Amino acid sequence: GFPEGKKVIELLKKNNNYFPFMSHDIMVNYNFFKNLSIKYKMIQIYRNPFDIIHSWNKRNWGERFQNDPQPSALLFTTKNKLYPWHVAGREKNWQKKNSVERCSDMVINLIEKLDKNQKTKKDKNIITISYEDFIQNTHKNLSAICKFLGTKKTKRTDRILIKEKCPKKYDYNIYLKKRSYIKSKVTATTFKKICTLEENYQNKIYNLK
């Protein structure tokens, strides 16, 4: 079997290994994360809020949180219904919304919490990237990530890029269809909020970059 014990730990330390973890909402809870005082390098990827809302709705997150215990998000129960942690205090109003409104509410709430964490852009252990820029300028972004981590690309990197068809063009026409669909499903107030978030996103990724 695989060797165990102190020798393995020392070997891992000498080889300067990275142990990758994919997580959610760390930037929303950045102050708590910093209090852990752990050594880390973080690749933080953001995406246009309209794309996120459409994706969440497509995966039925507006409904699944209510009866599905599988989501990775922290959940709480009120009157025998499940809610994501960031809906706390707004359950009654959130319950009245349709699925697209719920997804919009969650995305708006999480992004607005980023405003409290503007100091993250001063954290040298975080590299901030936009999804749209990454898929279109993949090699430039990979070079930046390699420099950030002190690593190099491998043959496997190229195989993954081929599999994911990167670089690739961001389809603006599909984006417009998503935006139009969301507009037809949410209130004017909610749509205006999403538009404002999109403007802030396009401004150096919520001014985090």
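For the structure, see preceding data.
These notes cover the structure that comes with them. (Residues numbered from 1 in each chain as written. Predicted model: local features only at pLDDT ≥ 70, side-chain atom pairs only at ≥ 80, totals over all residues. Heavy atoms only, no water.)

Looking at the overall build of the protein chain
- Counting secondary structure elements, the protein chain contains 12 helices and four strands.
- Over its C-alpha atoms, taken along the principal directions, the protein chain stretches across nearly 55 × 40 × 35 Å.
- By residue count, 38% of the 209 residues in the protein chain fall in the buried class.
- Looking at the protein chain alone, contacts between residues at least 24 apart form 66% of all its contacts between residues at least 6 apart.
- Surface summary for the protein chain: the accessible area is close to 14,400 Å², and the carbon and sulfur share equals 54%.
- If you average the places of the 44 positive and of the 19 negative side-chain charges in the protein chain, the two averages end up 4 Å apart. (Helix = DSSP H or I, 4+ residues; strand = E, 2+ residues; numbered from the N terminus. Buried < 20%, exposed > 50% of the residue type's maximum accessible area, 1.4 Å probe, protein only. Contact = heavy atoms within 4.5 Å. Areas by Shrake-Rupley, 256 points an atom, 1.4 Å probe, with all protein chains shown as cover. Lys, Arg positive; Asp, Glu negative; His and termini not counted. Charge placed at Lys NZ, Arg CZ, Asp CG, Glu CD.)

Observations concerning the layout of surface pockets
- Taken as a whole, the second largest pocket encloses approximately 150 Å³ of empty space.
- As for the second largest pocket, its lining consists of Arg47, Asp51, Tyr131, Ile135, Lys168, Lys169, Tyr170, Asp171, Ile174, Tyr175 and Lys178.
- Contributing elements (two or more residues each) for the lining of the second largest pocket: α7 (131-136) and α10 (172-185).
- Per element, the largest residue contribution to the lining of the second largest pocket is three residues, and it comes from α10. (1 Å grid on protein atoms, 1.4 Å probe; cavity = no way out; pocket = protein on both sides within 12 Å on 5 of 7 lines; lining within 4 Å. Points joined across faces, edges and corners; volume = space filled by probe spheres on them.)

Structural notes on helix α6 (residues 99-113)
- The terminal C-alpha atoms of α6 lie 22 Å apart, and with 15 residues this matches the ideal 21 Å at 1.5 Å per residue to within 8%.
- The buried count for α6 comes to 13 of 15 residues, which makes it a mostly enclosed element.
- The distance from a side-chain oxygen at the start of α6 to the backbone nitrogen of Val100 is 3.0 Å, and the residue carrying that oxygen is Asn98. (Expected span 1.5 Å × (residues − 1). Polar contact = N/O pair within 3.5 Å; in protein donor to acceptor, adjacent residues only side chain to side chain.)

A closer look at the pattern of salt bridges
- Within the structure shown, the criterion is met by seven salt bridges.
- Linking Asp123 and Lys34 is a salt bridge whose minimum nitrogen-to-oxygen distance equals 3.7 Å. Taken together, the residues span a long stretch of sequence, with Asp123 in the loop between α6 and β4 (126-130) and Lys34 in helix α2 (residues 30-34) at a distance of 89 residues.
- By relative accessible area, which is 7% here, Asp123 ends up buried.
- Residue Asp105 pairs with Arg90 through a salt bridge whose shortest N-O separation is 2.4 Å. Highlighted residues: Asp105 in helix α6 and Arg90 in the loop between β3 (81-84) and α5 (91-95), separated in sequence by 15 residues. (Salt bridge = Lys/Arg side-chain N within 4 Å of Asp/Glu carboxyl O.)

A look at the packing of α10 against helix α11 (residues 188-202)
- Contact geometry for α10 and α11: axes closest at 10 Å, N-to-C directions at 145°. As for how α10 packs across α11, the hand of that crossing is right-handed. Contact residues: α10 offers Tyr175, Arg179, Ile182 and Lys183, while α11 offers Phe191, Ile194, Cys195 and Glu198.
- The residue makeup of the contact of α10 with α11, split by class, is five nonpolar, no polar and three charged. (Axes fitted to C-alpha atoms, helices over the stretch in contact; angles between N-to-C directions. Left-handed = near helix turned anticlockwise from the far one by under 90°. Nonpolar A, V, L, I, M, F, W, Y, C, P; charged D, E, K, R; others polar.)

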